[in-house]
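Residue-level structure breakdown
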Amino acid sequence: MTRTLPAPVAAGTDERFGPRLWGLLLVLAGNMLIDALEVSVAVVALPAIGTDLGQPPTVTQWAMTGFAAGFGGLLLFGARVVTLLGRRRVYLAALLAFAAASALSALAHDPWLLLATRLTKGFCAALTAPTGLAIITSTFPEGRPRSRAVSVYTLFGAGGFTAGLLLSGWLTQSSWRWAFAFPAPVVLLLFTFGLRLIPRADDESNPRSPAETAPEGLGVPTGPAEGAPKGLRVPTRGAENVPEGLGVPTGPAESAPQGRGELRDQPPRRRTRTTTRHFGIPSALTLLGALLALVQGITQLPTHGWTTPQATAPLTAAALLLLLFRHIERRSTAPLLNLRPLRSNPALIRSALGAACLNGSYLGLLFVLTYQTQTLAGWSPLQTAFALLPAAAPPALTALASGRLVAKFGAPRLIVAGAACAFAGALLQLRPHAWPLDYPGRLLPTLLLVGAAFVLSFAALNMQAMSRLAPADRLTGSGLYQTAVQLAAVLAVALVAALLAAYAPAPGAGPAAAAAACRPALTLVAALGFLGLLVGLTGLLRTPPSSLHHGE
């Protein structure tokens, strides 16, 4: 059996990393990169998946929404699992499950097996991405060493979405299956090193309540100007936070041990029958089931209509499962969904809505543009990947400056500016379609505006979400925020796919007619952008002038 090495000790006055600290950091950051690129790896591969499996966009969209559903639908449950079982144990198990799901997804010849593997990978990301930064904050000494470690970690996460586009475009040239398989050997390598380098935190053996032992990775900020875009915050001292690729989570909790460089190996505390009941498995299953049934019902409407069982049955099931979820949560002594941070906290509500609109409109737009460029215009996957880079690269390139940007201009102003850019980009796509596609005059300006939207507003949205939360509510509030961002991605992509199917031209129509039929889907994207702008303007008008430069 491989022995777990103790976490390397770093003296408080020594800011250099030893080999073991660097090894641990590269394991965690490498997995953060994999988690982040999983968000984008399916975007370019979707047309090839549909061709290979013989499925329409309403089915192939599961390759995107499945990962987001597993991530967002099980994020709160994942936090409970880490709380009760311990960070190291869950992190390593999630790596193995992720590798196995990657291999199975590459072998899938059935869309439902592909969905199952994508759900599994999303759940694994919900376990590892928040926990990775928690391990960093518990292992690296406070101050510049920890800030440097967080910067490395977040830079890997920030580049993940861009890396996923490029890798997927390159590998899909041969087969989309390679794009889904390549994480498996990488994650197995990370697991091998993780066995020796990931420490057991001493708080895993302390008999504290779930609230006290909650994993330190759900994005609780450590200061008023800390927060990272794309779904989660990465707090630092001296290094600003980085967007992590559309909702890949990071962020330490305030309760991380301060100034410590070593955590002793200790066995996890014994679970009693009481703690086992508090996993919240019935709540997690009903919530996830309701989400999947809702998406299935939405995508069946264009083909079967409102009056057929194929559409009404899943929609009815979604409603019943949501009612059952509410019933279970109300009777539970430890509910998964704690809405306390939302009460009397409009800043968190506005931020969650704004981030959901931005993320949903972004992924919905990419879905339409991928369909247009590959299916209609015949571009190669790699050409499409490079074409989409203007939207993905700017947030990664400017990530470390996001905190300074918010400190200078204030979160409410940046949120409005970013929402305006996203809405303007969507409006450009609503102009009458010319054929062939005009990349320099039409697609490129849209993609640049969307990239600017993330540069301006996603860090600000994160910071505003946490700005008025009491310390005791920050962990729960962050989980609610991140869940909203991921669920918006699921529903937006499903609705866009349904609209593309509902307004598809008659068989034999040319690509110009098919491009014009994308207008309803693009109208939905623009409507989400407009809603995000309205939410941002509401926050700006309600924010006192004295608070505009404090992330509130």
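Up top is the structure these notes are about.
Structure report, in brief. (Residues numbered from 1 in each chain as written. Predicted model: local features only at pLDDT ≥ 70, side-chain atom pairs only at ≥ 80, totals over all residues. Heavy atoms only, no water.)

1. Topic: the pattern of salt bridges
- Enumeration according to the criterion identifies three salt bridges in this entry.
- The shortest N-O distance in the salt bridge between Lys121 and Glu38 comes to 3.0 Å. Of the two residues, Lys121 is situated in helix 6 (residues 111-139) and Glu38 in helix 1 (residues 19-53); the sequence distance between them amounts to 83 residues.
- Under the relative-accessibility criterion, Lys121 is labelled buried at 0%.
- With a relative accessible area of 0%, Glu38 lands in the buried category.
- The closest approach of N and O atoms between Asp52 and Arg177, which form a salt bridge, is 3.0 Å. Pair noted here: Asp52 is in helix 1 and Arg177 is in helix 9 (residues 176-181), with a separation of 125 residues, a long-range link. (Salt bridge = Lys/Arg side-chain N within 4 Å of Asp/Glu carboxyl O. Helix = DSSP H or I, 4+ residues; strand = E, 2+ residues; numbered from the N terminus. Buried < 20%, exposed > 50% of the residue type's maximum accessible area, 1.4 Å probe, protein only.)

2. Brief notes about helix 16 (residues 402-409)
- Of the residues making up helix 16, those classed as buried are Ser402, Gly403 and Val406. All buried residues of helix 16 fall inside an arc of 105° around its axis, so they share one side. For helix 16, the exposed residues lying more than 90 degrees away from the buried face are Arg404 and Lys408.
- In this fold, the buried residues of helix 16 make contact with helix 17 (411-428) and helix 18 (439-466).
- The positive-phi residue at the C-terminal boundary of helix 16 is Gly410, with phi of around 90°. (Arc of directions from axis to C-beta. Contact = heavy atoms within 4.5 Å.)

3. Regarding the packing of helix 12 (residues 281-304) against helix 13 (residues 309-331)
- Packing of helix 12 against helix 13 leaves a shortest axis separation of 7 Å and a crossing angle of 160°. In terms of axis orientation, helix 12 runs roughly antiparallel to helix 13. Between helix 12 and helix 13 lies a crossing whose hand is left-handed.
- The residue makeup of the contact of helix 12 with helix 13, split by class, is 17 nonpolar, eight polar and one charged. (Axes fitted to C-alpha atoms, helices over the stretch in contact; angles between N-to-C directions. Parallel < 35°, antiparallel > 145°, perpendicular 65-115°, else oblique. Left-handed = near helix turned anticlockwise from the far one by under 90°. Nonpolar A, V, L, I, M, F, W, Y, C, P; charged D, E, K, R; others polar.)

4. Considerations on the environment of Arg196
- Within the secondary structure, Arg196 sits in helix 10 (residues 183-197).
- With 173 residues separating them in the primary sequence, Arg196 and Gly23 have C-alpha atoms 9.7 Å apart.

5. Some remarks on the side chain of Gln482
- Relative to the assigned elements, Gln482 resides in helix 19 (residues 471-502).
- We classify Gln482 as buried; its relative accessible area is 2%.
- Reaching out from Gln482, the side chain makes a polar contact with the side chain of Ser478 at a distance of 2.5 Å. (Polar contact = N/O pair within 3.5 Å; in protein donor to acceptor, adjacent residues only side chain to side chain.)

6. Describing the nonpolar core
- Among the nonpolar cores identified, the biggest contains 138 residues, and Ile136, Phe180, Tyr362 and Tyr481 are the most heavily contacted of them.
- Sort the elements by how many residues they give to this core and helix 1 lands first, with 18 residues. (Core = buried A, V, L, I, M, F, W, Y, C linked by side-chain atoms within 4.5 Å.)

7. Quick word on the packing of helix 16 against helix 18
- At a minimum axis distance of 9 Å, the contact between helix 16 and helix 18 shows a crossing angle of 80°. It follows from the interaxial angle that helix 16 and helix 18 lie roughly perpendicular. On helix 18, the residues that touch Ser402, Leu405 and Val406 of helix 16 are Val455, Leu456, Ala459, Ala460 and Met463.
- For the contact of helix 16 with helix 18, the per-class residue count stands at seven nonpolar, one polar and no charged.

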